[in-house]
Amino acid sequence: MEYHDRSLSGHLTLSDTGKEVTLAGWVDALRDHGGVLFIHLRDRSGIVQVVFTPESTPQTVYARAGLLKSEFCIRLVGQVVKRAEGTENPGITTGDIEVVAKDLAILSGADTLPFQISEKSMVAGAAVKREEGVAEDLRLQFRYLDLRRPLMQDHLIKRHRIVKAVRDYLDEQGFIEVETPMLTKSTPEGARDYLVPSRHYPSNFYALPQSPQLFKQLLMVGGMERYFQIVRCFRDEDLRPNRQPEFTQLDLEASFIDEEFIYALLEELTVRMFQIGGIQLPRPFARMTWTDAMNSTGSDKPDLRFDMTFKDATDIFAETNYGIFRQILSRDGCIKGINVKGQSERLSKNVLQNEYAKEIVPGFGAKGMTWMKVMDGGLESNIVQFFSDYERNEILRRFGATKGDVILLIADPSWSLVCSALGQLRLHVAQRLDLIPADASYPLWVTNFPLFEATENGVTSNHHPFTMPDRTDFDPENSDELLSLRSRAYDLVVNGEELGGGSIRINDRDIQNRIFKALGLSDSEIEAKFGFFLKALEYGTPPHGGIALGIDRVVAMILGTSSIREVIAFPKNRSAFCPLMQTPSPVPVEQLAELGLLELGRSQSFPGSEEQQDLLDSLSWVSRIRMDAEERPSIAAAIDDAKAYADLINSRCVEDEPMFSVVTVVNRTRQVTEARVSRLAEKGELLKNAPSTKGGYFKVASILE
Ligand code: ASP
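Here the structure is a predicted model, which means the values were calculated and not measured.

Calculation criteria
Residues take numbers from 1 onward in each chain, read along the sequence in its written order. Totals for whole chains, interfaces and linings use every residue, but because this is a predicted model, local features are given only for residues with pLDDT of at least 70 and side-chain atom pairs only at 80 or more, for both listing and counting. Side-chain calculation: all heavy atoms of the structure are included, whereas hydrogens and water are not. For our purposes a nonpolar core is just a set of buried Ala, Val, Leu, Ile, Met, Phe, Trp, Tyr and Cys residues, chained together by side-chain atoms within 4.5 Å. Exposed residues in this analysis have more than 50% of their type's maximum accessible area, buried residues have under 20%, and partly exposed residues fall in between, with area computed by a 1.4 Å probe over protein chains only. Comment: elements are numbered from the N terminus, with helices defined as DSSP H or I runs of at least four residues and strands as E runs of at least two. By definition in these notes, contact holds between two residues if any of their heavy atoms fall within 4.5 Å. Angles here are taken between N-to-C directions and fall from 0 to 180 degrees, while the axes themselves are lines fitted to C-alpha atoms, restricted in helices to the stretch in contact. By convention, the crossing between two helices is left-handed when the near helix turns anticlockwise from the far helix through less than a right angle, and right-handed when the turn is clockwise. We call Asp, Glu, Lys and Arg charged. Ala, Val, Leu, Ile, Met, Phe, Trp, Tyr, Cys and Pro are nonpolar, and the rest, Gly among them, are polar. Neighbouring residues are identified by heavy atoms, a residue being near a molecule or strand if any of them is within 4 Å of it. Any N or O atom pair separated by 3.5 Å or less is treated as a polar contact, with the protein-specific requirement of one donor-capable and one acceptor-capable atom, and with residues adjacent in sequence counted only for side-chain atom pairs. Per-residue and other accessible areas follow the Shrake-Rupley method at a 1.4 Å probe size, with only the shown protein chains counted as cover for residues. Ring geometry is summarised as follows: Phe, Tyr and Trp rings, the Trp one being its six-membered ring, pair when their centres sit within 6.5 Å, and such pairs are stacked at plane angles under 30 degrees, edge-to-face over 60 and tilted between the two. Here, a strand pair is defined by DSSP locating no fewer than two bridges between the strands.

Caption draft 1: Geometry of the nonpolar core. Grouped together as the largest cluster of nonpolar side chains are 50 residues, with contacts concentrated most on Leu 170, Leu 250, Leu 252, Leu 266 and Trp 445. At eight residues, helix H6 (residues 259-276) tops the list of elements feeding residues into this core. Once residues within four sequence positions are removed from consideration, Leu 170 is found in contact with Phe 175, Phe 228, Leu 250, Leu 252, Leu 265 and Leu 269. Among the nonpolar cores identified, the runner-up in size contains 26 residues, and Phe 310, Ile 410, Ala 430 and Ile 436 belong to it.

Next up, the structure:
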């Protein structure tokens, strides 16, 4: 055995001085110092410096060392010596010693690297010259090289420790890890399914699990009482930053418990996980209902590391003479605001009016923003003269405002719009002015969510349809009543990020059935999708509940990485593509035929094919623009015009240079009598990417013209 007495480079210490050691790993860096060759030998444990000199190294070995290049894989034998005083390198843990090489085997050479791997300087105190910003796709394409970087290895090792801490703790608490199927039936978690065609049942599909939700509940029916799993889940979602098509959850479920059991269990578990990254979470974790969270931060995952929570100012303006507020309040609207304490100097009137009120806040969906600065003589702003003395004084009192503060208000007929826009504004201001303390952590349980959300044609579950409502005597056909229901669901939020969520579940067939009905499912749909599950609920189902945490997210937060891809060995890129395997990728047509995919849908028309019978319907379908009946004639006429114009152009089409012309812009599709300036144009955003403007005109590429 050539490796049985191998030592680990990073574990060598001064106490090994004089020992002969066998080491194996990669050449992290090299330096030729006038005949003396130094290398950094790296293995998973760390780095040690190895020296080859013409005097101390046998000649053949010395000659072989001259062939070494970065990332050659080598084995060597050498003697550990203390470094000469003044040559120590505190940048590596073994910086007091080095290994004088006696023998060297090149196990495997390495091609020129696509990017630098070494992270440690060979010269004490010198900065490591790292290439700036290696493109992420290149890193992912050569992930096996990227993973050699000590930083990436550290991420995966810490991830392992965090997951191990989870397993150890849950094992102590009597939880059993049970695997559940990957080839399964759709589980509604709000995303599209990844489907797997079945060869044995042509035209039939398995779905990859969006979560093991139904299985874990069936395990409770099966009497397992306490289940957990570190499990891969698959959701075909629209591309969003920090999402992966497949991701890892800590999924757990327990019987004969209530919310308090989950809160206590998860608090201890989360604290232990964060401790591995050296973060002490404050205990007990705070709690907030969804309504309070929305009312005070405009978010269902509030970041409470900083204050600036909302105050409601609706009542202050009940009798106001200020037209805009009066109009909004007459439509049952609301006015909420935040106090940006002591930041008056950093928020100039220009920034408040021209950036925030005109650009940023409209981008958050609100029509505008009212700002007031608290100065020596009271409130100052462009509209404060419209406020009564009472209104001004009450504002100061309500917001606890003193000199130097800036009060920002948003008013709108819609409560949820006010909450959402002000919530985004709160975060924007906090980030811009650096008001979020870097080292603070704020874990929080958000509870009492609405059970349902309104959709265009009914309601949909806010979490998933297995969540127990706060009341069970609801009428599934009464959507107002449905929308007033709260759920026994809870989300764990840390620093404004949702780390996971769960709920107490429905364990009664009748309630579950009525929830499906409320969601608009017919009896036959319920039977086809969930018949097996309703059946299971008929056999003595214990009360139960659980939760799932997104492990990638938790680890990324603990390690403070910029994205979850940094803590996943082989992630997909932002476009759900794997640059390493170059997948998704086409498959041979034979394989499609074998799976019966070529015949799929033969007897059914393709989506949109009916619309193609008619030109207008087809245009409307392709462009996703709904056409009202009364609009059809004018759109048909516009299309006829366009066709005639195209024919005319064709008939005049000659070899000459095209002419340049300015054509008056006319809205040819919508019959609007008055010309309206686009809001985008007002904000300067219309064609803002156009190359340049000249005398009030955009210069448009001639191809567009
Ligand atoms: N299955 C849920 C999810 O994946 C979590 C749960 O309710 O336990 O979000």
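Caption draft 2: Representation of the packing of helix H13 (residues 509-518) against helix H14 (residues 523-536) within the structure. In contact at an axis separation of 11 Å, H13 and H14 are set at 145° when each is read in the N-to-C sense. Where H13 crosses over H14, the two elements pack in a sense that is right-handed. Counting all contacts with H13, which are made through Arg 509, Gln 512, Asn 513, Phe 516 and Lys 517, the residues of H14 involved are Asp 523, Ile 526, Phe 530, Phe 533 and Leu 534. Residues of the contact of H13 with H14, tallied by class, amount to five nonpolar, two polar and three charged.

Caption draft 3: Layout of the site of the ligand. Near the ligand you find 13 residues, and of these Glu 189, Gln 213, Lys 216, His 464 and Arg 505 are the closest. At 2.6 Å from a nitrogen atom of the ligand is found a side-chain nitrogen or oxygen belonging to Glu 189. Arg 505 is positioned such that a nitrogen or oxygen atom in its side chain is 2.6 Å from an oxygen atom of the ligand. A total of 270 Å² of accessible area belongs to the ligand in isolation, and the protein chains cover 88% of it.

Caption draft 4: The packing of aromatic side chains, seen in detail. Summed over the entire model, instances satisfying the criterion amount to 17 aromatic pairs. Measuring from centroid to centroid gives 6.1 Å for Phe 142 and Tyr 144, while their planes differ by 70°, and the two rings are edge-to-face. Looking at Phe 142, the relative accessible area reads 21%, which means it is partly exposed. Arranged with centres 5.6 Å apart and planes meeting at 80°, the rings of Tyr 263 and Tyr 490 form a pair that is edge-to-face. You can see Tyr 263 sitting in helix H6 and its partner Tyr 490 sitting in strand E20 (residues 489-494), a full 227 residues away along the chain. Taking relative accessible area as the criterion, Tyr 263 reaches 7% and is therefore assigned buried. Joined through ring pairs, the aromatic side chains of Phe 317, Tyr 322, Phe 325, Phe 386 and Phe 387 make up one cluster.

Caption draft 5: Examining the sheet that holds strand E10 (residues 246-255) more closely. On the basis of which strands lie adjacent, the open sheet formed by eight strands has the order E6-E9-E10-E22-E21-E20-E17-E11 and mixed pairing. Bordering the open sheet on either side are strand E6 (176-177) and strand E11 (286-289), each of which pairs with just one other strand. Both strand E21 (residues 497-504) and strand E22 (residues 544-550) contribute to a ladder of five bridges, which runs antiparallel. Bridge pairing in E22 places Gly 501 opposite Ala 548. Relative to strand E9 (residues 226-234), helix H4 (residues 150-172) is tilted by about 150°, and along the sheet it contacts E6, E9 and E10. Set on the sheet, helix H7 (residues 290-297) makes contact with E11 and strand E17 (443-447); between it and E11 the angle comes to about 90°.

Caption draft 6: Local environment of unusual backbone geometry. With an omega of -10°, the peptide bond running from Arg 283 to Pro 284 counts as cis. Position of Pro 284 relative to the elements: it lies in the loop between H6 and E11. Phi at Ser 203 takes a positive value of approximately 70°, unusual for a residue other than glycine. Structurally, the position occupied by Ser 203 is in the loop between strand E7 (195-197) and strand E8 (205-207). The exposure class of Ser 203 is partly exposed, given its relative accessible area of 45%. Even without being glycine, Asn 242 reaches a positive phi, approximately 60°. Among the secondary structure elements, Asn 242 is positioned in the loop between E9 and E10.

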